[in-house]
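# Working through the structure, step by step
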Amino acid sequence: MPKLRGEAFWRETLRSAHYVVAPMVDQSELAWRLLSRRHGAQLCYTPMLHAQVFLRDANYRRENLYGEACPEDRPLIVQFCANDPEVFVQAALLAQDYCDAIDLNLGCPQMIAKRGHYGAFLQEEWDLLQRMILLANEKLSVPITCKIRVFPDIDKTVKYAQMLEKAGCQLLTVHGRTKEQKGPLAGVASWEHIQAVRNAVNIPVFANGNIQCLSDVEECIRKTGVHGVMSAEGNLHNPALFEGRNPLVWEMAEEYLEIVRKYPCPLSYVRAHLFKLWHHTLQVYHQLREELAKVKTLEGIVDVNRELKLRCQEEIANQKEGEKPKEGLPFFHWICQPYIRPGPKERCRENGDSGTEKGVRGKRALEEEEDGNSELLSKNKQKKKLRNPNKSFDPSLKPKYAKCDQCGNPKGNKCVFNMCRGCCKKRAFKEVADCPGHGLLFKTKYEKSLSWQHSQRGIQTPEISQRGDAEVGETAVLKEAGDSTG
C-alpha cells in the first residue's frame, strides 16, 4: 500500500483528528494517553525519545514503545529528537511498525536541548534539516512530521515551514512561541504566526499554545484555520479538556491510577501527573503535598488520593451557600481547571522579591550564567556547595579540552598525532607508528617481530627472499598488533 501524504494522511490515517495530546517528556506515557483518549483526545504523541539512545538500547525501546500492545492507543505518532540524518532514520525504522507517523522534534527550547544540539536549537540549520527529512521521507514506510517553534519574524517562520514541506514533511505542528519564550517568560503564543504558516503551506497544520479549555480550541481553529489543536499543560491539569468538562480531581486520579495498574509506568511519572492534577488543592492541603512527595508505592499514592478526597468532601459539606472560589480561581480547587503560569512580576511577588530584574532571574539565569554565586544556584547545587565550600560552578573555570585534529573529540594530552584514541589508532596502524601516550606500539611490535623472524631462520637468506618474507610477515604482525591494542 502506498504511503499516504498530506491531507490524505491526516484524513485517513489520523482519522481527521482535531484534538491532539502533545509529546511531553515523562508525561505522555501510555497510561496518560489512554486516559486522555477516554476523554476526547483523538491523536496522541509519545514522549520525546532520543534517537541515538533508542537505536543502541533495547531496554529503552522496550520501556518506551515495545511494551504491551494496546490497540486503543492509535492513531499514535512517535517523536524523536536527533541531529544526525542516519541516526534519526535508523531509529525511526525501528519504531515505524509501532506507530502511524514519525515526528522530528524541532521545538524543545530547554537547556538540555541546547547542550545536546537538538530541538529548537536546530532551527537555523536548514541544510541539515532538509537532509534529515529527505532521507526519512525516502526510507520510512510511514509519513514524517515536524513540530516547530516560530521565529520572531513571521516571514522567516513561513519560509522555514515551506522549506520543511518541500523536504517531505507531511504534517506540521506550530508552537506559536519562540525558543526564548519559556518558563516565567513564556508569554502568549502568537496565533498570527500559526495562521500565516497555515495559509502558506499545502500540508495539514496543528496549532499549539494558549490552549486551556475547549473554547480555546474552537477559537484557535476558527481564527487560524488549522486542522487540529495540540494541548500540553492544559491537558495535564484537566485530561477531560477536549470533552469540555471540568471533573473532580480525585475522580480523574482514580481513573488514571486504575489504568496505571494495567499498564505500569515509573512511579515518578505518576507522582508528576498528580502534582499537576492536584495543583490547586495542594496549595490548600500542604501536608498531602509532602505525603505525595514521600510515598514509595502505587498503593501509597492511592491512599493519598483517598485522603485528599475525604478532605475535599468534608470541605464541600461545610461550604456556605454563595461561597466563591478563592485566589481568583474560576472553580473551587477540587475541580480540574487550568493553571495560569505566573509571569516574571507575579513570580517575584510570590517569592517576596521586589520585581526588579535581579529578582526574576530564576532558572534562566542559572542556565545562562551560573557563576558560583549562591543566590543564582539551584537548590541541588547549593547542597553540593555546602558539602564542598570550595566547589565552583563558574563555566570559565571548567577545564578546557584540546580537540582532536580529526574528529573534534578531546585529544590525548600526550598523543604524538594530537588526536583522540580512536583516530590515533587508525593513523598509527596505517603508518606503522607508535603513540606512547595512547599505549599504541605498532612500530615497536613490528620491529620486534622482524627481529624474531630473522633469529629463527639462523642463516643468511637472499635479499629478495628476505624482502618477500618481510612483506608477508608485515601483514600478519600489523593484524596481530591491531588485535592486541583494540
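One numbering rule holds for all chains: residues counted from 1, following each sequence as written. In keeping with the model being predicted, local features are shown solely for residues with a pLDDT of at least 70 and side-chain atom pairs are shown and tallied solely at 80 or more, while totals for entire chains, interfaces and linings include all residues. The side-chain values count all of the structure's non-hydrogen atoms but skip hydrogen atoms and water molecules.

A water-sized probe rolled over the atoms picks out the places where empty space is left. Two kinds of site are reported from a 1 Å grid over the protein atoms alone, namely cavities, where a 1.4 Å probe fits but cannot get out, and pockets, open sets with protein on both sides within 12 Å along at least five of seven lines, and residues are called lining when an atom falls within 4 Å of a point. Grid points are joined across faces, edges and corners, and a volume is the space filled by probe spheres set on the points. One number sums up the size of the second largest pocket: a volume of about 590 Å³. Under the scheme applied here, ten amino acids are nonpolar (Ala, Val, Leu, Ile, Met, Phe, Trp, Tyr, Cys and Pro), four are charged (Asp, Glu, Lys and Arg), and all others, including Gly, are polar. Across the lining of the second largest pocket, the residue classes tally to 10 nonpolar, 6 polar and 6 charged.

A few words now on the confidence of the model for the chain. The predictor's confidence in any single residue is recorded as pLDDT, a number from 0 to 100. This prediction gives the chain a mean pLDDT of 87; 86% of its residues lie at or above 70. Any two residues whose heavy atoms approach within 4.5 Å at even a single point are treated as in contact. Note that pLDDT drops below 50 for residues 352-374; the model gives that stretch 34 contacts with residues more than four away or on any other chain.

Right, let's get into the packing of helix H7 (residues 126-139) against helix H8 (residues 154-167). One way to put it is that H7 packs onto H8 with a least axis distance of 8 Å and a crossing angle of 30°. Put simply, H7 runs roughly parallel to H8. On H8, the residues touching Trp 126, Leu 129, Gln 130, Ile 133, Leu 134 and Asn 137 of H7 are Lys 156, Lys 159, Tyr 160, Met 163, Leu 164 and Ala 167. Considered class by class, the residues forming the contact of H7 with H8 number 8 nonpolar, 2 polar and 2 charged. Fitted lines through C-alpha atoms serve as axes, helices being fitted only where they are in contact, and the angles separating the N-to-C directions of these axes extend from 0 to 180 degrees. Labels follow the DSSP assignment, with helices taken as runs of H or I lasting at least four residues and strands as runs of E lasting at least two, numbered in each case from the N terminus. These descriptions rest on fixed angle ranges, namely under 35 degrees for roughly parallel, over 145 for roughly antiparallel, 65 to 115 for roughly perpendicular, and the rest for oblique.

This part is about the pairing of strand E6 (residues 144-149). Buried residues are those whose accessible area, probed at 1.4 Å on protein chains only, stays under 20% of the maximum for their type, while exposed residues exceed 50% and partly exposed ones sit between those limits. Burial runs high along E6: 6 of the 6 residues are buried. Burial of E6 is two-sided: the residues Ile 144, Cys 146 and Ile 148 facing one way and the residues Thr 145, Lys 147 and Arg 149 facing the other way are all buried. Any two strands between which DSSP finds at least two bridges are classified as paired. Strand direction decides the pairing type here: strand E5 (residues 101-106) and E6, joined by 5 bridges, are parallel. Looking at the pairing, Asn 105 lines up with Lys 147 of E6.

Like charges are joined within 9 Å and nonpolar side chains (Val, Leu, Ile, Met, Phe, Trp, Tyr) within 5 Å, but only among residues with over 30% relative accessible area and no salt bridge; these make up the patches. For the area figures, the Shrake-Rupley method with a 1.4 Å probe applies, and any residue is considered shielded solely by the protein chains shown. Whenever Lys or Arg places a side-chain nitrogen within 4 Å of a carboxyl oxygen from Asp or Glu, that contact is recorded as a salt bridge. In this count, Lys and Arg are taken as positive residues and Asp and Glu as negative ones, while His and the chain termini are left out. For this purpose, a charge sits on NZ of Lys, CZ of Arg, CG of Asp or CD of Glu. On the surface, Lys 379, Lys 383, Lys 384, Arg 387 and Lys 391 cluster together to form a positively charged patch. Looking at the secondary structure, you find Lys 391 in the loop between helix H20 (379-387) and helix H21 (421-431).

The next thing to look at is the side chain of Asn 105. For Asn 105, the position within the fold is in strand E5. By relative accessible area, which is 7% here, Asn 105 ends up buried. Looking at Asn 105, its side chain comes within polar contact range of the main-chain nitrogen of Gly 107, at 2.8 Å. Excluding residues within four positions of it along the chain, Asn 105 makes contact with Met 48, Gln 79, Phe 80, Cys 81, Gly 119 and Lys 147. Each polar contact in these results corresponds to two N or O atoms within 3.5 Å; when the atoms are within protein, one needs to be able to donate a hydrogen and the other to accept it, and residues that are neighboring in sequence are counted only if both atoms are side-chain atoms.

We now examine the packing of helix H12 (residues 249-262) against helix H13 (residues 267-277). Two numbers describe how H12 lies on H13: the axes approach to 10 Å, and their chain directions differ by 165°. In terms of axis orientation, H12 runs roughly antiparallel to H13. Note that H12 runs across H13; the crossing there is right-handed. Residues Val 249, Met 252, Ala 253, Tyr 256, Leu 257 and Val 260 of H12 pack against Tyr 269, Val 270, His 273, Leu 274 and Leu 277 of H13. Handedness of a crossing follows from how the near helix is turned relative to the far one, being left-handed for an anticlockwise turn of less than a right angle and right-handed for a clockwise one.

Let us now look at the packing of aromatic side chains. Aromatic rings from Phe, Tyr and Trp, taking only the six-membered ring of Trp, are treated as a pair when their centres fall within 6.5 Å; an angle between ring planes under 30 degrees marks them as stacked, one over 60 as edge-to-face, and anything in between as tilted. Tallying each qualifying case throughout the model produces 11 aromatic pairs. Taking 5.3 Å as the distance between ring centres and 75° as the angle between the ring planes, the aromatic pair formed by Trp 32 and Tyr 256 counts as edge-to-face. In this pair, Trp 32 sits in helix H2 (residues 30-38) while Tyr 256 sits in helix H12, placing the two residues 224 residues apart along the sequence. Assigned by exposure class, Trp 32 and Tyr 256 land together as buried. Relative to Tyr 160, the ring of Phe 151 lies with its centre 5.2 Å away and its plane at 75°, an arrangement referred to as edge-to-face. For the pair shown, Phe 151 and Tyr 160 are each scored as buried.

Attention shifts here to the pairing of strand E4 (residues 76-81). The buried count for E4 comes to 6 of 6 residues, which makes it a mostly enclosed element. Burial along E4 is two-sided: the residues Leu 76, Val 78 and Phe 80 and Ile 77, Gln 79 and Cys 81 are all buried. As paired strands, strand E2 (residues 43-45) and E4 are joined by 2 bridges and run parallel to one another. Along E4, the bridge assignment pairs Tyr 45 with Ile 77. Taken together, the 2 bridges between strand E3 (residues 49-50) and E4 define a ladder with parallel strand orientation. Each bridged residue has a counterpart across the sheet, and for Leu 49 the counterpart in E4 is Phe 80. Bridge count between E4 and E5: 4 bridges; the pairing is parallel. Bridging across to E5, Val 78 finds its partner in Ile 102. Here is how to tell: hold the view so the strands point away, follow the path from the first strand over the helix to the second, and if it runs clockwise the crossover is right-handed. In terms of handedness, the path from E4 via helix H5 (residues 85-95) over to E5 forms a crossover that is right-handed.

A word on the environment of Asn 409. By the element assignment, Asn 409 lies in the loop between H20 and H21. Exposure remark for Asn 409: the relative accessible area of 43% places this residue in the partly exposed category. Asn 409 sits 11 residues away from Cys 420 along the chain, and the two C-alpha atoms are 6.4 Å apart. The residues contacting Asn 409, other than those within four sequence positions of it, are Ala 402, Lys 403, Cys 404 and Cys 420.

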